[in-house]
Amino acid sequence: MNALDRAIGWVAPRAALSRARARHALRIYEGATVGRRASSFKALNTSANAEIQGALRPLRSRARDLARNTPYAARMLDIITSHVVGTGITPIPDTGSDVLDRRLENLWDDWERKADVTGRMGFYAMQALAVRGMVESGESVIRFIDRPFDDPRRVPFQLQLLESDFIDQWRDGIYGNDGQAGAEGLEHTRLGVGLGQYDRRVGLWLNPNHPGEINTAAMRPGVSTFVPEDELIHLFKELRPGQVRGVSWFAPILMTARELADFLDAVNVKARVEACFSGFITNNDESTVDLFDPARPGLAGRDAANPDAQLTSLEPGMLKELRTGQDVTFAAPTSTTQVEPILLFNLQAMAAGVGCTYDQVSGDLRGANFSSLRAGKVEFRRLTEQLQNHVVIPSICERTWDRFVSRAVLAGLLPDRDEPYRAQWMTPAWEPINPNDDIEADIKAARTGRMSPQEYVASWGNNWRKVQDMSAAFYKRADAMGLAFDIDPRRTDQSGKQQPVDSDPAGGKPKPLKDDTGEPITAPAPN
């Protein structure tokens, strides 16, 4: 202890001990020290909601500007959306009944194509747009819209996709249950999110129209209304416990990306200047006569910015005689040699900040090889699968599926039963870097039980039940027509050799293959 601590120790021993312990901790952790090196840290010790309260709108608007005007930011949005959603995260009904599963598939396929209440998109396209909005703006909102029971063949249910601007962030503080329908359990509001006991999310305060719209702003009053949680989906990636609003994924790279864009603009302008071959004629003659005869070719006229200056041009093979006192000096701008390293390092930082790889963002594969591509793809795949299983599937897919099933039951299109209508969600397939090796590895994994045949088929983006039905229909028709294919495992092994005829398990006698009519299947005669 120093002298001050010892003096404090006489009066308040605990306070002196606390000061000594704090200084000891600062010596252990350099990141906790106070001084010039640590002056750039912004350590506020505030909650997640307090930190994003004033940053929601500027982060959102700047991220959108970046996506509009920066090619690399637009590329990042496309990369993340295409890998997370692809052509759609599709359900495979798993109720335990083939009849119910097929009925669910038919109902879902019919509903999915017309899921958007505006009539523009299907459900899978809405998935992609919602994820894109989450990455760009930080969050997306989907409302459940119940439709009239006017079509006995269709589930009376649709979706409305909204931007995060619809959430009224000024509803903040003590906005409890004021008698609005669906606001039961609402105790207070934080940034437009209604919270109940233990800060459980109860719903959102939504504006009736987009606050940034110009033409329709005066059509309806701009007073937000409360929409309960079971009537909507609030999609965002939660980064801290208790966080109620999402932050744009571009937040860590906004300044870097903006400065890089400005740097590239400056480089392009500089390159244009470097491409200009220009000279400047100095004159020591104080006479007021024109330096060049306007009747002679090569005179371009006078400079509008400086009427006393004249412009002339160079032509191939031209010889020009200067007057006494005139001299010519040609511009020699310096060249730029550090563009590529600066661009490389900044793009690597931007890709890491969003969660992509450098080659995905830039398309630069000059230094890539099989090992580096595979390592980057494995890491990116883990991040993507985490986002799919922790955010997108629980928030969008499962919530929508539950609502779809409940409305189908109410409409009498599905029977009401005690067991839930479960579904497995199939994510987009991962394209292999080396197809032969990767497919062989997957086959071995399925043979050894590391993955089930259903998982193996689903890993390639296919519905295993549809694959079985289509394969059965294919071989059934082939048998009826007397056709033989080397891809038929009943006839050939993995090397393409003909399989021996089946044996009767009861009597041990060979049993020839038969078609649906019971007739033996014979191989076609060779030509």
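Residues numbered from 1 in each chain as written. Predicted model: local features only at pLDDT ≥ 70, side-chain atom pairs only at ≥ 80, totals over all residues. Heavy atoms only, no water.

**Describing the environment of V223**
- Take V223: it is sitting in the loop between β6 (201-206) and β7 (225-228).
- A C-alpha to C-alpha distance of 7.1 Å links V223 and P208, two positions 15 residues apart in sequence.
- Those residues within four positions of V223 in sequence are excluded, and the remaining contacts are R171 and P208. (Helix = DSSP H or I, 4+ residues; strand = E, 2+ residues; numbered from the N terminus. Contact = heavy atoms within 4.5 Å.)

**Let's talk about the layout of surface pockets**
- As a volume, the largest pocket reaches approximately 1,200 Å³.
- Forming the walls of the largest pocket are 35 residues, and the residues nearest its centre are R381, E385, D442, M451 and S459.
- Sorting the residues of the lining of the largest pocket by element identifies α11 (370-410), β13 (423-426), α12 (435-447), α13 (453-458) and α14 (464-480) as the ones contributing at least two each.
- Per element, the largest residue contribution to the lining of the largest pocket is nine residues, and it comes from α11.
- Split by residue class, the lining of the largest pocket holds 16 nonpolar, seven polar and 12 charged. (1 Å grid on protein atoms, 1.4 Å probe; cavity = no way out; pocket = protein on both sides within 12 Å on 5 of 7 lines; lining within 4 Å. Points joined across faces, edges and corners; volume = space filled by probe spheres on them. Nonpolar A, V, L, I, M, F, W, Y, C, P; charged D, E, K, R; others polar.)

**A look at the pattern of salt bridges**
- Evaluation of the coordinates by the stated rule reveals 22 salt bridges.
- A salt bridge links E340 to R366; its shortest N-O distance comes to 3.1 Å. Placement of E340 in helix α9 (residues 339-354) and of R366 in the loop between α10 (358-362) and α11 is noted, with a sequence separation of 26 residues between them.
- The exposure class of E340 is partly exposed, given its relative accessible area of 49%. (Salt bridge = Lys/Arg side-chain N within 4 Å of Asp/Glu carboxyl O. Buried < 20%, exposed > 50% of the residue type's maximum accessible area, 1.4 Å probe, protein only.)

**Considerations on the environment of V247**
- The topology assignment puts V247 in the loop between β8 (232-235) and α8 (254-274).
- The class of V247 is buried, set by a relative accessible area of 19%.
- The sequence separation of V247 and I52 amounts to 195 residues, and the corresponding C-alpha distance is 7.5 Å.
- Setting aside its immediate chain neighbours within four residues, V247 contacts I52, L59 and G138.

**Some points on the sheet that holds β8**
- The strand order across the open sheet built from three strands is β3-β2-β8, with neighbouring strands paired in antiparallel fashion. One side of each edge strand has no neighbouring strand; the edge strands of this open sheet are β3 (157-163) and β8. Each strand axis lies, on average, 20 degrees off the axis of its neighbour in the sheet, ignoring direction.
- Two elements, strand β2 (residues 140-146) and β8, share four bridges in a ladder whose sense is antiparallel. In the sheet register, R143 faces β8, and the bridge partner there is L232.
- Of the strands in this sheet, β2, β3 and β8 touch α11, which is tilted by about 175 degrees from β8. (Pairing = 2+ DSSP bridges. Axes fitted to C-alpha atoms, helices over the stretch in contact; angles between N-to-C directions.)

**Things to note about the sheet that holds strand β4 (residues 188-190)**
- Across the sheet, four strands lie side by side as β4-β5-β6-β7; this open sheet has antiparallel pairing. In this open sheet, the two edge strands, each paired with only one partner strand, are β4 and β7. Between one strand axis and the next, the sheet turns by 35 degrees as a mean value, whatever way the strands run.
- In this sheet, β6 lies alongside strand β5 (residues 193-195) in antiparallel orientation, the contact comprising three bridges. Directly across from L195, in β6, lies its bridge partner R201.

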